[in-house]
Amino acid sequence: MSASEDIALIGWGAISGQVAQMLADRAAPVRIVAVGVRDASRARDVPDGAKVIDDPDALAGTGATLVVEAAGRASVDPWGSAALEMGADFVVSSTSAFVDDAVLARLRGLAQANGARILIPPGALGGVDALSAAARMGLDSVTHIVTKPAAAWAGTAAEGLCDLHGLTTPCTFFEGTARAAADAFPQNANVAVISSLAGLGLDRTRVALVADPGAAHNTHRIEAAGTFGRMLVELENHPLPGNPKSSAMTALNLVRLIENRVSGLVI
Ligand SMILES: NC(=O)C1=CN([C@@H]2O[C@H](COP(=O)(O)OP(=O)(O)OC[C@H]3O[C@@H](n4cnc5c(N)ncnc54)[C@H](OP(=O)(O)O)[C@@H]3O)[C@@H](O)[C@H]2O)C=CC1
Ligand SMILES: O=C([O-])CC(=O)C(=O)O
């Protein structure tokens, strides 16, 4: 356990903003020493004392001991490499990057070589602890259904698969593997990689994606069966005000992870 933690947040959008606000409100013993973005000249209202950087190589000069990504799929490889190479633990939100097995393998190699760790929080999910524990005794099936309001799928490939704006009933526009779901919907289905890595893997976890014109929440329903027994977890998440695609739970799970790093009681 560290008495305090120096954090670099990668991405300065809905999730990072919420995380920074909550850490400040809760007076967590952490400092946000850097914010990593694509274009430093456009970053506004970053936390006091945080350096704005737009080059992963600049991470080394920030002194960050924990690098927390909430930016997007393309950010994971470059920022993750830089973080792990300097021996900082790297927390990944855009887990869709791991549909490419080579990216995960390379980052794992860097983590091992530098005595650092890749940390995958539950993101918008709950029950990942039970799924991961159950997998140790063998799982037979895992199904993950993601249902979001139709508007949350705007600007994604779902637009070509159902009439998002004219829907009157729920439309299941994708059914397939977790790998295919996260690959095609990297802003909305990172969670499919999390339930897969905890459970049956990217090619045996079945995923359905649903646009529901009547929904007010981002809903995640995970059903799993195996030697342990059977589980069913369902969350109805409020979306973040800054991004209807992202559940507030994603930020909450990051705050939990960060606070657990500096607490004598981990829960
Ligand atoms: N694990 C999970 O359960 C979930 C994961 N996510 C992931 O988290 C990501 C962030 O979500 P959210 O905060 O809602 O999104 P936002 O769109 O609100 O914010 C994303 C931020 O990241 C920045 N960004 C994008 N690409 C890069 C990059 N390559 N390098 C540095 N910064 C970058 C954007 O900057 P700009 O565009 O201005 O350059 C923006 O500031 C999502 O894209 C998704 O991948 C989201 C929800 C749940
Ligand atoms: O926030 C959510 O509910 C899930 C999400 O966007 C993702 O997994 O990318």
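In this text, all values refer to a predicted model and were calculated from it rather than measured experimentally.

Concerning the environment of Met137
Here is step 1 of the chain: Here Met137 lies in the loop between helix 4 (128-135) and strand 7 (139-149).
Here is step 2 of the chain: When the 10 C-beta atoms within 10 Å are taken as the criterion, Met137 is described as exposed.
Here is step 3 of the chain: Linking Met137 and Asp183, residues 46 residues apart in sequence, is a C-alpha distance of 28 Å.
Here is step 4 of the chain: Apart from the residues within four sequence positions on either side, Met137 is in contact with Gly226, Thr227 and Phe228.

Details of the sheet that holds strand 9 (residues 206-212)
Here is step 1 of the chain: Read from one edge of the open sheet, five strands run 8-9-7-10-11, paired in mixed fashion. Because the sheet does not close on itself, it has two edges, and the strands there are strand 8 (171-177) and strand 11 (229-237). Ignoring which end each strand starts from, the neighbouring axes of this sheet average 10° apart.
Here is step 2 of the chain: In this structure, strand 7 lies alongside strand 9, joined through seven bridges in parallel fashion. Residue pairing across strands places His144 opposite Val207, the latter belonging to strand 9.
Here is step 3 of the chain: Along the sheet, helix 4 makes contact with strand 7, strand 10 (218-226) and strand 11, crossing strand 10 at roughly 20°.

Side note on the site of ligand 1
Here is step 1 of the chain: Among the 31 residues in the neighbourhood of ligand 1, the closest are listed as Gly11, Gly13, Ser94, Gly123 and Ser246.
Here is step 2 of the chain: Among the secondary structure elements, those contributing two or more residues to the shell around ligand 1 are helix 1 (14-25), helix 2 (73-85), helix 6 (190-198) and strand 13 (243-247).

A look at the nonpolar core
Here is step 1 of the chain: Ile7, Leu9 and Val67 are the most contacted members of the largest nonpolar core, which totals 81 residues.
Here is step 2 of the chain: The element that contributes the greatest number of residues to this core is helix 6, accounting for six residues.
Here is step 3 of the chain: Not counting residues up to four positions away in its chain, the partners in contact with Val67 are Ala8, Ile10, Leu59, Trp79, Ala83, Ala88, Phe90 and Val91.

Section: the UniProt feature "binding site: NAD(+)" (unreviewed entry) in the protein
Here is step 1 of the chain: With numbering matched to this structure, UniProt assigns "binding site: NAD(+)" (unreviewed entry) to Ala124 and Asn190. These residues run over 67 residues, yet every pair of their C-alpha atoms falls within 9.0 Å of each other.
Here is step 2 of the chain: Position of Ala124 among the secondary structure elements: in the loop between strand 6 (118-119) and helix 4.
Here is step 3 of the chain: Those residues in contact with Ala124, other than ones at most four positions away along the chain, are Val191, Asn218, His220, Asn237, Ser247, Met249 and Thr250.
Here is step 4 of the chain: With respect to the helices and strands, Asn190 occurs in helix 6.
Here is step 5 of the chain: Using a count of 27 C-beta atoms within 10 Å as the deciding quantity, one classes Asn190 as buried.
Here is step 6 of the chain: Sequence-distant contacts of Asn190, defined by excluding residues within four places in its chain, comprise Ser93, Ser94, Thr95, Ser96, Gly123 and Ala182.

Side note on the UniProt feature "active site" (unreviewed entry) in the protein
Here is step 1 of the chain: In this numbering, the UniProt entry assigns the feature "active site" (unreviewed entry) to His220.
Here is step 2 of the chain: The residue His220 is located in strand 10 in this model.
Here is step 3 of the chain: Residues in contact with His220, not counting those within four places in the same chain, are Ala124, Leu125, His144, Val146, Val191, Glu234 and Leu235.

Considerations on the site of ligand 2
Here is step 1 of the chain: Close to ligand 2 lie 13 residues; Ala124, Asn190, Val191, Asn218 and Ser247 are nearest.
Here is step 2 of the chain: Here the residues of the shell around ligand 2 are counted per class, giving three nonpolar, nine polar and one charged.

Things to note about the confidence of the model for the protein
Here is step 1 of the chain: Counting all residues, the mean pLDDT for the protein is 97, and 100% of those residues have values of 70 or more.
Here is step 2 of the chain: Overall fold confidence (pTM) sits at 0.98, and the ipTM for the predicted complex is 0.99.

Side note on helix 7 (residues 248-261)
Here is step 1 of the chain: Here helix 7 spans 21 Å end to end across 14 residues, near enough to the 20 Å set by a 1.5 Å rise per residue.
Here is step 2 of the chain: Three or more residues of helix 7 are buried, namely Met249, Thr250, Ala251, Asn253, Leu254, Val255, Ile258 and Arg261.

Reading the values: rules and limits
- Residues numbered from 1 in each chain as written.
- Chains lettered and ligands numbered in written order.
- Predicted model: local features only at pLDDT ≥ 70, side-chain atom pairs only at ≥ 80, totals over all residues.
- Helix = DSSP H or I, 4+ residues; strand = E, 2+ residues; numbered from the N terminus.
- Buried ≥ 20, exposed ≤ 12 C-beta atoms within 10 Å, placed from the backbone.
- Contact = placed C-beta atoms within 7 Å.
- Pairing = 2+ DSSP bridges.
- Axes fitted to C-alpha atoms, helices over the stretch in contact; angles between N-to-C directions.
- Near = placed C-beta within 6 Å.
- Core = buried A, V, L, I, M, F, W, Y, C linked by C-beta atoms within 7 Å.
- UniProt positions renumbered as here; feature names shortened; annotations may be inferred.
- Nonpolar A, V, L, I, M, F, W, Y, C, P; charged D, E, K, R; others polar.
- pLDDT = per-residue confidence, 0-100.
- Expected span 1.5 Å × (residues − 1).

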